[in-house]
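Summary of the model geometry
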Amino acid sequence: MNTNFNLLNKSFKLIEYYEKLLVNYPKKELILRQNIEKCYYEMIESLFAFNINNSDRIKQKHLKDYVIKVSMIDFYTNASFNKKIISKRQFEVIGRKIIELRKMSYGLMQNENN
């Protein structure tokens with residue numbers, strides 16, 4: 001997807017990368033896989049809600065929900081790495097993407113406050 005909203009584009013790129021990894025998750029880690037999928041769908045939902053709403057208070061709420069979901073993706077990534085489901089390289093790639101999303105979302109929060 002190609003939109004003018006960079007945070008949404010970067011989120012889609014994270015999801016595309018993660019979907020390639022989720023195929024290789026073992027069956028015994030089904031809950032972890034489902035939580036990751038649920039979380040990144042909710043991330044996108046929060047961004048769409050942020051983009052559509054006009055009220056600053058509601059936009060801030062959706063942006064904070066987005067940051068929470070990014071943090072949960074980070075937690076699930078750490079859990080996947082600790083369980084040796086993903087490699088160190090994959091862990092680093094996802095980590096860089098998460099850092100970029102966090103920086104962009106915090107910058108957007110600062111911009112919305114001013």
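Residues numbered from 1 in each chain as written. Predicted model: local features only at pLDDT ≥ 70, side-chain atom pairs only at ≥ 80, totals over all residues. Heavy atoms only, no water.

**So, helix α1 (residues 6-22)**
- An ideal rise of 1.5 Å per residue puts 24 Å on 17 residues; α1 measures up with 24 Å between its terminal C-alpha atoms.
- Turning to α1, its buried residues are Leu7, Leu8, Asn9, Ser11, Phe12, Leu14, Ile15, Tyr18, Leu21 and Leu22.
- For α1, the secondary structure elements touched by its buried residues are α2 (30-52), α3 (56-82) and α4 (88-113). (Helix = DSSP H or I, 4+ residues; strand = E, 2+ residues; numbered from the N terminus. Expected span 1.5 Å × (residues − 1). Buried < 20%, exposed > 50% of the residue type's maximum accessible area, 1.4 Å probe, protein only. Contact = heavy atoms within 4.5 Å.)

**Some thoughts on the environment of Tyr18**
- Looking at where Tyr18 falls in the secondary structure, it is placed in helix α1.
- Measuring from C-alpha to C-alpha, the distance between Tyr18 and His62 comes to 23 Å, with 44 residues separating the pair along the chain.
- With residues near it in sequence (within four places) discarded, Tyr18 still touches Tyr25, Ile36, Tyr40, Ile73, Tyr76, Thr77, Ser80 and Ile94.

**Quick word on the side chain of Thr77**
- As for its position among the elements, Thr77 is in helix α3.
- Reaching out from Thr77, the side chain makes a polar contact with the side chain of Tyr18 at a distance of 2.7 Å.
- Ignoring anything within four residues of it in the chain, the contact list for Thr77 reads Tyr18, Ile86, Phe91, Ile94 and Ile98. (Polar contact = N/O pair within 3.5 Å; in protein donor to acceptor, adjacent residues only side chain to side chain.)

**Looking at the packing of α2 against α3**
- Where α2 contacts α3, the two axes come as close as 9 Å, and the packing angle between them is 160°. Here α2 is positioned roughly antiparallel relative to α3, judged by the angle of their axes. For α2 against α3, the interelement crossing comes out left-handed. Counting all contacts with α2, which are made through Leu32, Asn35, Ile36, Cys39, Tyr40, Glu42, Met43, Ser46, Leu47, Ala49 and Phe50, the residues of α3 involved are Lys59, His62, Leu63, Asp65, Tyr66, Lys69, Val70, Met72, Ile73, Tyr76, Ala79 and Ser80.
- Here the contact of α2 with α3 is composed, by residue class, of 15 nonpolar, four polar and four charged. (Axes fitted to C-alpha atoms, helices over the stretch in contact; angles between N-to-C directions. Parallel < 35°, antiparallel > 145°, perpendicular 65-115°, else oblique. Left-handed = near helix turned anticlockwise from the far one by under 90°. Nonpolar A, V, L, I, M, F, W, Y, C, P; charged D, E, K, R; others polar.)

**Digging into the packing of aromatic side chains**
- Taken as a whole and assessed by the stated rule, the structure comprises four aromatic pairs.
- With a centroid separation of 4.4 Å and an interplanar angle of 15°, the aromatic rings of Phe81 and Phe91 are classed as stacked. Of this pair, Phe81 sits in helix α3 while Phe91 sits in helix α4, placing them 10 residues apart in sequence.
- Residue class for Phe81 comes out partly exposed when judged on its relative accessible area of 27%.
- Residue Phe91 is classed as partly exposed on the basis of its relative accessible area of 23%.
- When the ring centre of Phe50 is taken as reference, the NZ or CZ atom of Lys59 above it lies at 4.9 Å. (Phe/Tyr/Trp six-rings, centres within 6.5 Å; stacked < 30°, edge-to-face > 60°. Lys NZ or Arg CZ within 6 Å of the ring centre and 35° of its normal.)

**Some thoughts on α4**
- Relative to the 38 Å expected for 26 residues at 1.5 Å per residue, α4 spans 37 Å between its end C-alpha atoms, a close match to the ideal helical length.
- By the burial criterion, the buried members of α4 are Val93, Ile94, Ile98, Leu101, Ser105, Leu108 and Met109.
- On its buried face, α4 is in contact with α1, α2 and α3.

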